[in-house]
Structures are given as C-alpha cells and as structure tokens.
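# Structure at a glance
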Amino acid sequence: MAAMNRPSVRLGVRAAALAAVLASFAAAPVRAEDLKLGMVVPVTGAAAESGRFAQWGAQLAAEEVNAAGGVLGRKLVLVTEDDQTSNPGGVAAFNRLASDASIVAFLGSIRSTQTQAMDPDVRRVAKPVFFGGTDPELTRSGDPWLFRCRPNDAYSAKVIAAFGVGELKLKKWAVVYSTDAFGSNGHKHLVEELKAAGAEVVTEQGYANQATDFTPVVLAIKGSPADVIGSYFTFEQDLGIFARQLRQLGVRTPWVGSPSIVATTALRLSGPALFGTYGIADFNADSSPEARAFADAYKAAHKAGADNFSSWTYDAVKLAARAINTAKSTDPKAVREAILAIRDYKGVEGTYNFDANGDGLHGYNIVKNDNGKVVFIKHIEFAP
Amino acid sequence: MTVLLQLLFQGVGIGAVYALVALGFVLIYRATNVVNFAQGQFAVVGAYGMVVTTADLGLPYWVGILITLAVMALFGALFNLSVYYPLRNRSFLPVVISTIGASIFITNIILGVYGPEPSMLAPMLDAPGISLGNLFLDAQYLTIIAVTLALVALQYLFFEHTLLGKRMQAVSQDKEMASLLGIKVGWMIMLTFIYSAMLGGIAGILVAPILFVSVGLGGQIALKAFAATIIGGFGDVPGAIVGGIAIGVIETFGAYYISVPYKDAFAFIVLFAFLLLRPQGLFGEKVSQKA
C-alpha cells in the first residue's frame, strides 16, 4: 500500500487505467444485438480509485457470463457513466444512461446518499437498478425497482450484538459512534439490539467526524464498567486516533466494530492498536468457495485483493444475467419478478434471497484482526 | 485527579498546535492587516513535506525536517509573491479572497497527487511516552509542548532583541513611518510570510504523527486557531499562544464533563462570548478607527 502512495506510482497507475479505458473503446464496440447493462460509477473525484475496483468486478462477471453463453444468447456488455463521486453527478450519469432505451438494467452506487438522490429518476425510468448503499431506509421507501446487493445496516447492528453477546458472552457494552447519519443510525440500532439480547449499555459516546482527540471518550470508557466496545466509525482516520489513544491509556477490552475497523486504510494507519479486535465485513474471501474463487480470479486479472467495492458489482451483474435468463425476456416487469424470485443464489457477498423490499442479503461475516491479518471467523445469517 | 491531569495534558498538547497556527495568523495580520485563510494549508504542506522526504524518499527524520522547513520558507516566499504582493495596494477584501482561493488551490493540488486516503508519519521520538501511574504522557504531545515553548522564547528574543526583529515590528505598527525611516517594507513582509509558512509547517510536522496526514488536516486546526487569535486579541502574539492553549483545554474538559459530540462547539461558544463581551480579546486594546 505504501508504494501506491508514491506520486510516480500513482501517476503510472492512472496512465495505465486511462490506456485501458481507451483500449476498451477500440477493442469492444457495442453492437446493436448486444445486451446492455448501464453502470453508474465514479471515474473522477474522491472515490475514483474504488470506482475502478467496481468496474473490474463487474467486468469479470460479464466475461464469465459471456463465456457461459451470454444472456438470452446475446453478448452482455457494460455501458458506464461517471458519477464524479457526487450526488448531482450520480443523477446526471443515471439519466444519461437511461436515455438509451436499449439498456435493460442498471448498476447504481455503493453510496447511500447517491442512491437516495437517484431514487426519483429510478422510479420514473422503471427498470431494475442494483445498488450497494447500506442505509436500511432505501429499500423501505416503496421504490419497486431498487435491489440491494449488500446487507443493510439493520443487519450490521444485529450481527455485532449477536456475536458480542451470544459468542463472546460479554454483557456490559460501551458504544462509540460517529454522530453523522451512518453512525447515529448504527448507534440507534445497536443499542436496541443489545438491549433485546439482554446486554446492558453502560456508556454511549458519540463524536463529531474529523476529531482531533479522543481522550475524553477513552477516559469515559475507562471509568465505566464496560467489558466490551461496539463501534460505528465512519472514517478510518478517526478510528486510528481513537485506537491509538485507547491502547495508550491502557484499555484492553474486546472490541467489535462496524466494517471500517477492517478496512485496508484502518489496518495501515492503526497497526498493532487494532490487533485482536473483531469486525464485521460483507465481503471476505474465506467466507465461501464462491468468494474464494472470485478473489483468486480478481487477483489473477488485476494483481489486487478483492474487496466489497468489486464484490457487489460482480454479484449484481451475475444476478441481472440470471434474472433476465430466467424471465426469458428483457421486459422490466418480468425481470423484476425474476429477481424477487431468486432463492439461495450463492454470490460472493453471501447467499441471495430477495425479500419483498428488494434486499438480497441478510447477514454479515465476523472477522478478526489477527496481528494485522483479517481472518474469517463465521457468517451470521438472519431470516429475510 | 489522574483524569483531571490527563485531560489537562491532552488539552495543553493540542492547544499548543492551535497556538502555533494562530501565531502564523497573527504575524501575517500584523504585517499586512489581512487574515490569511490559507494558514491551515501551510500545516498540510509541511506534513506532506515530511511524508515525501521520510516515507517516500526514506531520508532520516531530521533531514526530512530540514528539507521540509526549507521548502516551507520557499513556499512562504512564493505565496507572498503570488497571493499577496500583486494585491498589496488593494483593500482588505480582494486579498482575503485571494488567500481563500490559494487555500482551495493548494488543497486540490495535494488531492490530485495524493488522493483522499490519509498517509502516515512516524512520531518524532521512538519511545511511545511516559507512564506515571495511571497518567500517560504521549511522547509526541510532549514534543509539541516543548517545541512550542522553545519557539515562543526564540520569537520573543528575535522581535525584542534584534534589529531585524524590531524592523519587522516597526513595519507591522506603521508601514509609512517605517518606510520613511528607510526600512524596506516589502522585504519585511516577505520575511513575515516566510516565517509564518515555516511556523505553519512546524505545526503540520508536529501534529502529523497524531492526526495522520490528509488534506483535511489544515481545516481542522485552522478554524480553532482562528478562534484562538480572536480570544487572544487579534494581532497580539502572547494572546495567540494563551488563546490557543485555552481553546485546547476548554474543549477537552468540555468534551469530558459536558458532551463529546459538542466538543467543537465549546471553542466557538467561548469565541461568541468574547465577541459579545470583550471583542478586543484577552490582550487586545480597544482601537478606535484610525483617522
């Protein structure tokens, strides 16, 4: 990772990416008889790097689908538009794609706010849109065309509580959370789930993002009878500062965190301060044979480790192909019915069982930071 | 008691960083009557200077510091020539806008080269810190406090006991008079920018191992430092130091005893109180409009 940060290397990577994009234009012209999936993805802006991973994941799935005979006997192709890592950019990108009537289904954003921004247009266009944002409300607002390919945050709190209380047998919880939309929703759900599981929340510590110092939070935890920490950190930097000060002030209680605790950036910034902690992850290469096969193929193609940016788009393309093939039609209504009928489909993120809201996944993996290496512990699944 | 001392130590430590950036604000304000809104970005440039020299190029830490300080000096000079100097005869507002523009420019250049992912910088000392019973004194915070004290002492000696320092003071008090006395005003302002950039750079170097290095680093500190300058009395050097440390201590205690999510609010509640009750700040004198 350190090498990735060097300007010259990054520049090289960007030049290579640009060349690849140009080459793809030249090599694979979209033909009228091809079956098109539209993909809204960040090519520029702060999330451009993860956007490249998303494209790699989707591309890998499309290649596999085509190798297996394509969709309805036609070749599956991806048509992408840049969302510029912004909400207006996402809306504009979706509408540009939607103006092409031959596109059958779409891949939306991994970001909840962008998905929310696109929602009115998604309803108007009335074609299936797969997305990766985890705000539970997105699929509860009555949009029949949204299909989620990651577990939503209502499940993350359930899993943290189930693992901490059920497996680790720890009952006195300190909950640390960011006060932004993601963190305070997580906090709310986690406190509910912990109480339902019979545990006691002894201290609740919110913090504003981009904090400079966590001493007051750490001292409050230290002074409480907490024997375990549950956390929702939005940014890895905040998590890094907190972890460092937590260890410095001698707090060694077990810690079960939201996915940011096992993010590559967090592992790099925090090092030993996070050793021994538990986290939840929607994608883990060791969670199933399907995930392992995907991670190996991804690594062989791109010399990089797969993560949830690429895993959900991989699943989304496969699910779209499967649903269209089952429906034997590209009619949006028929495809929608086929998606909702998908049962026990083993994707790389988990096993898909779409519920009436359009949520495909209902569980998370528990992983452990074993001296800097993320190790799969178990998968916890809930009924849809 | 331990909790009290721990909070105090942490508050003074982070306050010292605010004080260093506030000092940069004050010096430029005194020399030019303009608030430099890119002062926080000086810290970011300093922090990235360390990342390039020590992490990317693998140079020893002290060499990294020397190179970074040299780069900061050059950066301060360039900043003066491109952002302030062309507008020096205009009113206050165009210059302020110019510094805001420079701040956005610097942020995006760094974002373009390094991206949004934070980088890491090793702490200055190898030892993690000192444990006194339940009290833990982080080595990096101890370094910050020591360097700030040393800089304040050096700066006092420089401004009060050297001819160059006195010339710079004269310029900050009355440019026309200073110019009539044969002081080269433009050069003194140039020196002020160079020194302020180095101060900001030092703040960035010191705080990078604690807060990590990203473009957001400057904004976090600069806003608090700005509040510190107002509390201290805008344009007052001891005021900036006292104001910075006061804000660090107040927000740390406020967070622990009242509310962590509202931690950032405490600095600004104090700021509002000062603006309402004592707008000239702790050390400032009431200045009536110059005739």
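### Focus: the overall build of chain B
Broken down by element type, chain B carries eleven helices and two strands. Along its sequence from the N terminus, chain B presents helices and strands in the succession α-α-α-α-β-β-α-α-α-α-α-α-α. Scaling as 2.2 N^0.38, a compact globule of 291 residues should have a C-alpha radius of gyration of about 19 Å, and chain B matches this with 19 Å. Across its three principal axes, chain B shows a C-alpha extent of roughly 60 × 50 × 35 Å. Looking at chain B residue by residue over its 291 residues, the buried ones come to 54%. Intrachain contacts of chain B at a sequence separation of at least 6 include 73% that bridge at least 24 residues. About 13100 Å² of surface is accessible on chain B, with carbon and sulfur atoms providing 72% of the total. One way to put it: in chain B the 12 positive side-chain charges average out to a point 14 Å from where the 11 negative ones average out.

### Remarks on the overall build of chain A
Assigned secondary structure in chain A consists of twelve helices and 14 strands. A compact globule built from 384 residues would reach a C-alpha radius of gyration of about 21 Å, and chain A, at 21 Å, matches this within 12%. Overall size of chain A, expressed as C-alpha extent along the three principal axes, is 65 × 50 × 40 Å. For chain A, contacts bridging at least 24 residues in sequence account for 66% of all contacts bridging at least 6. In the form shown here, chain A has an accessible surface area of approximately 14900 Å², with 56% of it arising from carbon and sulfur atoms.

### Considerations on helix α10 (residues 289-302) of chain A
Residues and elements named next belong to chain A. Between its first and last C-alpha atoms α10 spans 20 Å; for 14 residues at 1.5 Å apiece the expected length is 20 Å, and the two agree. When α10 is considered as a whole, its buried residues turn out to be Ala291, Phe294, Ala295 and Tyr298. Angular distribution of buried residues about the axis of α10 spans 100°; they occupy a single face of the element. Of the residues in α10, the exposed ones pointing more than 90 degrees away from the buried face are Pro289 and Ala300. Each element contacted by the buried residues of α10 is listed here: α2 (48-67) and α11 (308-327).

### Thoughts on the nonpolar core
Residues Val176, Phe214, Ile221, Phe233, Phe242 and Trp255 of chain A are the most contacted members of the largest nonpolar core, which totals 115 residues. Per-element tally for this core: the top contributor is helix α1 (residues 2-32) of chain B, with 16 residues. Phe130, Ala295, Ala304 and Leu319 of chain A belong to the second largest nonpolar core, which has 48 residues in total.

### What about the interface of chain B and chain A?
On the side of chain A, 32 residues touch chain B, which itself brings 37 residues to the contact. The junction of chain B with chain A conceals about 3000 Å² of combined surface from both sides, 55% of it contributed by carbon and sulfur atoms. At the boundary of chain B with chain A, the tally comes to one salt bridge. A salt bridge links Asp138 of chain B to Arg244 of chain A; its shortest N-O distance comes to 3.2 Å. Counting every contact that joins chain B to chain A gives six residue pairs in polar contact (both at pLDDT 80 or more). Listing elements by their share of the side of chain B that touches chain A, those giving two or more residues are α1, α2 (39-56), α4 (92-114), β2 (135-138), α5 (139-161), α8 (185-211), α10 (237-257) and α11 (263-277) of chain B. Of the residues contributing to the side of chain B that touches chain A, the split by class is 21 nonpolar, ten polar and six charged.

### Examining the pattern of salt bridges
All names here are of chain A. For the structure shown, the criterion picks out 16 salt bridges over all chains. Between Asp100 and Lys36 there is a salt bridge whose closest N-O contact spans 2.8 Å. You can see Asp100 sitting in the loop between α3 (87-98) and β3 (103-107) and its partner Lys36 sitting in strand β1 (residues 35-41), a full 64 residues away along the chain. By relative accessible area, Asp100 is classed as partly exposed at 24%. Linking Glu64 and Lys318 is a salt bridge whose minimum nitrogen-to-oxygen distance equals 2.7 Å. On the criterion of sequence distance, the pair formed by Glu64 in helix α2 and Lys318 in helix α11 is long-range, its members being 254 residues apart. The exposure class assigned to Lys318 is buried, which follows from its relative accessible area of 18%. In this structure, a network of salt bridges that share partners links the residues Asp286, Arg292 and Asp296.

### Section: the sheet that holds strand β6 (residues 172-178) of chain A
All names here are of chain A. Taking strand neighbours across the sheet as the criterion, the seven strands line up as β7-β6-β8-β9-β10-β13-β14 in an open arrangement whose pairing is mixed. In the strand order of this sheet, the two ends are held by β7 (200-207) and β14 (373-381), each with one partner. The sheet shows a mean angle of 25° between the axes of neighbouring strands, direction not considered. Summarising the sheet, β6 and β7 pair through seven bridges and their orientation is parallel. Bridging from a neighbouring strand, Tyr177 pairs with Gly206 of β7. The sheet contacts of helix α5 (residues 153-167) involve β6, β8 (228-232), β9 (255-257), β10 (278-281), β13 (363-370) and β14, and relative to β13 the element is tilted by about 55°. Its contacts with the sheet put helix α8 (residues 236-248) on β6, β7, β8 and β9, and the angle it makes with β9 is roughly 175°.

### Considering the sheet that holds β3 of chain A
All names here are of chain A. One open sheet holds the five strands; their spatial order is β2-β1-β3-β4-β5, and the pairing between them is parallel. Only two strands of the sheet have a single partner each, and these edge strands are β2 (76-82) and β5 (146-148). Strand-to-strand twist in this sheet, taken as the mean axis angle between neighbours without regard to direction, amounts to 25°. Of the strand pairs in this sheet, β1 and β3 are connected by four bridges, and their pairing is parallel. Looking at β3, one finds that Gly38 is bridged to Phe106. On top of the sheet, α11 reaches β1, β2, β3 and β4 (129-131); it is set at about 155° to β4, its chief contact.

### Some words on the confidence of the model for chain A
Residues and elements named next belong to chain A. Taken residue by residue, chain A gives an average pLDDT of 89. The fraction at 70 or more is 92%. Low confidence marks residues 1-11, where pLDDT is under 50. Its contacts with residues over four positions away, or in another chain, come to 20 contacts. Counting interchain partners and residues more than four positions distant, the pLDDT-below-50 stretch residues 21-27 has zero contacts.

### Side note on the domain arrangement of chain A
Residue and element names in this part refer to chain A. What the domain assignment reports for chain A is domain 1 (31-151 + 287-352) and domain 2 (154-281 + 365-381). For domain 1 and domain 2, the distance between their C-alpha centres works out to 30 Å. Counting from both sides, the interface comprises four residues of domain 1 and, opposite them, five residues of domain 2. Here domain 1 packs against domain 2, burying approximately 490 Å² in sum over the two surfaces, 57% of which is carbon and sulfur. Taken as a group, Pro136, Pro151 and Ser287 account for 56% of the area that domain 1 buries against domain 2, more than any other trio of residues on that side. Run the count over domain 1 and domain 2 and you get zero salt bridges. When the residues that make up the side of domain 1 that touches domain 2 are grouped by side-chain class, the tally is one nonpolar, two polar and one charged.

Reading the values: the criteria
Residues numbered from 1 in each chain as written. Chains lettered and ligands numbered in written order. Predicted model: local features only at pLDDT ≥ 70, side-chain atom pairs only at ≥ 80, totals over all residues. Heavy atoms only, no water. Helix = DSSP H or I, 4+ residues; strand = E, 2+ residues; numbered from the N terminus. Rg over C-alpha atoms; globule rule 2.2 N^0.38 Å. Buried < 20%, exposed > 50% of the residue type's maximum accessible area, 1.4 Å probe, protein only. Contact = heavy atoms within 4.5 Å. Areas by Shrake-Rupley, 256 points an atom, 1.4 Å probe, with all protein chains shown as cover. Lys, Arg positive; Asp, Glu negative; His and termini not counted. Charge placed at Lys NZ, Arg CZ, Asp CG, Glu CD. Expected span 1.5 Å × (residues − 1). Arc of directions from axis to C-beta. Core = buried A, V, L, I, M, F, W, Y, C linked by side-chain atoms within 4.5 Å. Buried area = accessible area lost by both parts, 1.4 Å probe. Salt bridge = Lys/Arg side-chain N within 4 Å of Asp/Glu carboxyl O. Polar contact = N/O pair within 3.5 Å; in protein donor to acceptor, adjacent residues only side chain to side chain. Nonpolar A, V, L, I, M, F, W, Y, C, P; charged D, E, K, R; others polar. Pairing = 2+ DSSP bridges. Axes fitted to C-alpha atoms, helices over the stretch in contact; angles between N-to-C directions. pLDDT = per-residue confidence, 0-100. Domains from an automatic or database assignment.

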